[in-house]
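Each chain, written out:
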Amino acid sequence: MSCSLQVVTSIPYSEYILAPDTRDLHPTSVYKVNGTVIGAESLTGTSSGNATFQGISSVTFDYGKNIAGVVSITVGDSSSADAFIGLTYAESSIWISSQGSDATGDTVLDEVLWLHVGNGPGTYTVEREHERGAFRYLSLVSNTSALVEITGISTYFTAAPTQDLRGYKGYFHSNDELLNRIWYAGAYTNQLGTIDPKHGNSLVHLFDNPYPNIGTLTWYNNFTISQGSSCITDGAKRDRLVWAGDLAVAVPSIVVSTNDLDSVKNGLDSLLVLQNPDTGLLPYAGAPFNQLGIVSFTYHLYSLIGISYYYKYTGDIDYLKSVWNRFTKGLQWSLNTIDGSGLMDVTSSADWLRFGMGGHNIEANSILYYTINEGINLAAILDDKSWIADWSAKATAIKEAANRLLWDESTNLYKDNENSAIYPQDGNSWAIKSNLTLSSSQKLAISQALRARWGPYGAPAPEAGPTISPFISSFELESHFLASTPQNALSLMRLQWGFMLDDPRMTNSTFIEGYSVDGSLHYAPYQNDARVSHAHGWATGPTSLLSFYVAGIHLTSSIGKTWEISPMVGDLTIVEAGFETPLGTFSNSLKAENGKIVQMSFSTPSGSKGDVKLPGVSGELINSSGKKVRLNSGQVNGLDGGDWTLKAR
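Because the structure is a prediction, the values reported are computed rather than measured. (Residues numbered from 1 in each chain as written. Predicted model: local features only at pLDDT ≥ 70, side-chain atom pairs only at ≥ 80, totals over all residues. Heavy atoms only, no water.)

Bringing the overall build of the protein into the picture now. Counting secondary structure elements, the protein contains 12 helices and 23 strands. Compactness check: the protein gives a C-alpha radius of gyration of 26 Å against a globular reference of 26 Å for 649 residues, within 12% of the reference. In the protein, which comprises 649 residues, the share counted as buried stands at 63%. Residue pairs at least 24 apart in sequence account for 71% of intrachain contacts in the protein once pairs closer than 6 positions are excluded. Counting every atom, the protein has about 22,300 Å² of accessible surface; 49% of that belongs to carbon and sulfur. Of note, the protein has its 41 positive side-chain charges centred 9 Å away from the centre of its 61 negative side-chain charges. (Helix = DSSP H or I, 4+ residues; strand = E, 2+ residues; numbered from the N terminus. Rg over C-alpha atoms; globule rule 2.2 N^0.38 Å. Buried < 20%, exposed > 50% of the residue type's maximum accessible area, 1.4 Å probe, protein only. Contact = heavy atoms within 4.5 Å. Areas by Shrake-Rupley, 256 points an atom, 1.4 Å probe, with all protein chains shown as cover. Lys, Arg positive; Asp, Glu negative; His and termini not counted. Charge placed at Lys NZ, Arg CZ, Asp CG, Glu CD.)

Shown next as structure tokens:
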């Protein structure tokens, strides 16, 4: 069968991109009115309107999707020099209130922003320190008897400050519209979480004791969190800080969509500069949160993984050389915590807000095992042989000890530690991701055991109570692909990310930080449900995984100098994807029947080499010059880069 699909040379499917085409945004509709407001609907859209607030009243406007920015209102007449209009913000409709905005702290709502509009006609704009990092709903509140005429509302979109907002470098499309929308919502979530680094969360109540729990909370976004003009953070509303764990999910998804790696570098550097020069310990999070001095064994390692990821996707060898001493010193800090068991002994509970972190924890040791192997690869690239023997020996010991001490044959899952009755989602997912497992059959058993635990709203993380964590579920998704169970991964995307995208309490455009197994928007680690972020980069795993695993475009060395094309389509019948690295464009377009590839065209940069793996497929690959290479048991090794088409038989 000859493939008629063409390799795409420009970025298609822009209709799915959620980022706006202008930074000047206006409400799309009125969500609700309280009290008497005449003409509220006239303030939607780009045209000037005329709405009059009569006495105590409010209007909630809907922007149609989660946005970010600085709000301005244009005022006509007001009947009193003492007139004020208040602004409140909400990502989710359940937190719409005239009393305050959804929360950035863990007790009460954020304070109302009051604009003194009684000074006469004109445009009133909130100060930049009060830009709101994420909101779908904006409420205008009048709390006096004054009559106030509003003629316009606008928001200047401040997220992704250096990006061409719709100039994506990657794309994805399939015959499943839900998966298509999930891919683009993940990309947009990371755009919202990319900010001007001068406007990080100032955490003004970080050291308050007791923490304020009455009334509303003051909030400011005016702390400089990194160098440069743009920085990736954990979440758009909060924390607007750099957390290394979040980068492990967000960075690959950024690569396949906007490819804004300058913002990634600024975030990563903000963590590395805080490394303890004597011990090598890296911070739990960036400034100003680092002032708490909290030690996290896992987030320390995530910073080191960030170095590896940044090199993989940029090929910046000079940068790798410049931070290599930081990497080796940081890894040595972790290796020094290995005890006589062969495993790292975790003595701090700080992680992704799970419970029970400590001892010979399976998640922490799996991440350490993964980081060691990333380090061995980087050492080989830098021709630094001094570390490899010791690192390899320690990795071997970790793998042996983890499987001897923590594997439970009766459940086909790893225990959290020797004394735990919890079989964690994070540790079992990371055991597969890191290849701590001993066989493909063990991977398969874990994949099936994890799937058996799903509920109606997604995959549980019992190590965090009755919680669904999109962060850890992103690793679970990858573990299903690595276990050669792509249908498990696709089913979980549809179940969990479909819920996060389409439930009416969500933003229907970005992905939430976490929620409860019963579908309530309660995240067990927090006391205050209004605090939960609805635009969190750690929830964007499907975006990269659909490109890397479903479309099968794998970079097997930095920037794709070597690659592998090995689609895992599950029940999909059409898949198209592409993205860029400094080496050039990688793309694949295919059709499948019952999981078997029947048509395929792919493109990889000239000068690169790679392998093609198409289980069960017979035929040959033909390049643009007419060269033919026959598949051998569905495989071709050492194929030159270029444009290739499958002729299946």
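Right, picking up where we left off after that structure.
This part is about the pattern of salt bridges. Enumeration according to the criterion identifies 29 salt bridges in this entry. With its nearest N and O atoms 2.4 Å apart, the salt bridge here joins Lys385 to Asp383. With a shortest N-O distance of 2.8 Å, Arg505 and Asp503 are connected by a salt bridge. What makes Asp503 buried here is its relative accessible area of 14%. Residues joined in a network through salt bridges with shared partners are Glu91, Asp102, Asp110, Arg132 and Lys237. (Salt bridge = Lys/Arg side-chain N within 4 Å of Asp/Glu carboxyl O.)

Further remarks concern the packing of helix 8 (residues 425-433) against helix 10 (residues 470-482). At a minimum axis separation of 8 Å, helix 8 and helix 10 run at an interaxial angle of 40°. Overall, the two elements helix 8 and helix 10 adopt an arrangement that is oblique. Classified by chirality, the crossing of helix 10 by helix 8 is left-handed. Contacts from Gln425, Asp426, Ser429, Trp430, Ile432 and Lys433 in helix 8 reach Ile472, Ser473, Phe475, Glu476, Glu478, Ser479 and Leu482 in helix 10. (Axes fitted to C-alpha atoms, helices over the stretch in contact; angles between N-to-C directions. Parallel < 35°, antiparallel > 145°, perpendicular 65-115°, else oblique. Left-handed = near helix turned anticlockwise from the far one by under 90°.)

Next up on the list: the packing of aromatic side chains. The final tally for this structure, using the stated rule, is 37 aromatic pairs. Note on Trp243 and Phe289: the rings are 4.9 Å apart at their centroids and 50° apart in plane angle, and the pair reads as tilted. Remark: Phe289 occurs in the loop between helix 3 (261-272) and helix 4 (297-314) and Trp243 occurs in the loop between strand 11 (231-232) and helix 2 (244-255); sequence separation between them is 46 residues. Here Trp243 and Phe289 have matching classes, each one buried. Summarising the aromatic geometry, the rings of Phe471 and Trp538 are spaced 4.5 Å apart at their centres and angled 10° between planes, so their arrangement reads as stacked. (Phe/Tyr/Trp six-rings, centres within 6.5 Å; stacked < 30°, edge-to-face > 60°.)

Close contact between helix 10 and helix 11 (residues 486-502) brings their axes to 7 Å; oriented N to C, the two are set at 160°. Taken together, the axis directions place helix 10 and helix 11 in an arrangement best described as roughly antiparallel. You can see that helix 10 and helix 11 cross each other, and the crossing is left-handed. Residue-level inspection shows Pro470, Ser473, Ser474, Glu476, Leu477, His480 and Phe481 of helix 10 in contact with helix 11, the latter providing Pro486, Asn488, Ala489, Leu492, Met493, Gln496, Trp497 and Met500. Counted by class, the contact of helix 10 with helix 11 contains nine nonpolar, five polar and one charged residues. (Nonpolar A, V, L, I, M, F, W, Y, C, P; charged D, E, K, R; others polar.)

Right, let's talk about a nonpolar patch on the surface for a bit. A surface patch of nonpolar side chains, amounting to about 260 Å² of accessible area, comprises Phe207, Leu292 and Ile294. Counting through the fold element by element, Ile294 comes out in the loop between helix 3 and helix 4. (Patch = residues over 30% accessible without salt bridge, like charges linked within 9 Å, V, L, I, M, F, W, Y side chains within 5 Å.)

Before going further, it helps to examine helix 12 (residues 541-550). Most of helix 12 sits inside the fold, with 10 of its 10 residues counted as buried. Looking one or two places after helix 12, you find Gly552, whose phi comes out positive at around 80°.

Here the focus is the environment of Gly570. Inspection of the secondary structure assignment puts Gly570 in the loop between strand 17 (562-565) and strand 18 (574-581). Sequence separation between Gly570 and Gly595 is 25 residues; the distance between their C-alpha atoms is 5.3 Å. If we ignore the near neighbours within four places in the chain, the residues touching Gly570 are Pro486, Gln487, Leu490 and Gly595.

Before going further, it helps to spend a moment on helix 7 (residues 388-405). Helix length check: helix 7 (18 residues) gives 26 Å between terminal C-alpha atoms against 26 Å at 1.5 Å per residue, within 8%. Those residues of helix 7 that fall on the buried side of the exposure criterion are Trp391, Ala395, Ile398, Lys399, Ala401, Ala402 and Asn403. Residues of helix 7 that are buried in the fold lie against helix 5 (317-335), helix 6 (362-381), strand 12 (407-408), strand 13 (413-414) and helix 9 (440-452). (Expected span 1.5 Å × (residues − 1).)

Here we take up the pairing of strand 18. Judged by how many residues are buried, strand 18 sits mostly within the fold: six of eight residues are covered. Here four bridges tie strand 9 (residues 171-174) to strand 18, and the two strands are oriented antiparallel to one another. Paired with Tyr171 across the strands is Gly578, a residue of strand 18. When strand 18 meets strand 19 (residues 584-593), the two strands line up antiparallel, connected through eight bridges. The partner of Gly578 across the bridge, within strand 19, is Ser587. Taking the residues between adjacent antiparallel strands as the criterion, strand 18 and strand 19 are bridged by two residues. (Pairing = 2+ DSSP bridges.)

The residue Arg531 is located in the loop between strand 15 (515-516) and helix 12 in this model. Arg531 gets classed as buried once you look at its relative accessible area, which sits at 18%.

What follows covers the pairing of strand 4 (residues 84-90). With six of its seven residues buried, strand 4 lies for the most part within the structure. Bridge count for strand 4 against strand 5 (residues 113-116) is four bridges, and the pairing is antiparallel. Counterpart to Phe84 in the pairing with strand 5 is His116. With five bridges joining them, strand 4 and strand 7 (residues 132-142) adopt antiparallel strand pairing. Its bridge partner lying in strand 7, Thr88 is registered against Ser139.

The omega torsion of the bond from Asn209 to Pro210 falls at 5°, within 30 degrees of zero and hence cis. For Pro210, the location among the structural elements is in the loop between strand 10 (194-195) and strand 11. The omega torsion of the bond from Arg238 to Asp239 falls at 15°, within 30 degrees of zero and hence cis. The residue Asp239 is located in the loop between strand 11 and helix 2 in this model. In this structure, Asn259 takes a positive phi of about 60° despite not being glycine. With respect to the secondary-structure elements, Asn259 resides in the loop between helix 2 and helix 3. On the basis of relative accessibility, which here comes to 21%, the residue Asn259 falls in the partly exposed class.

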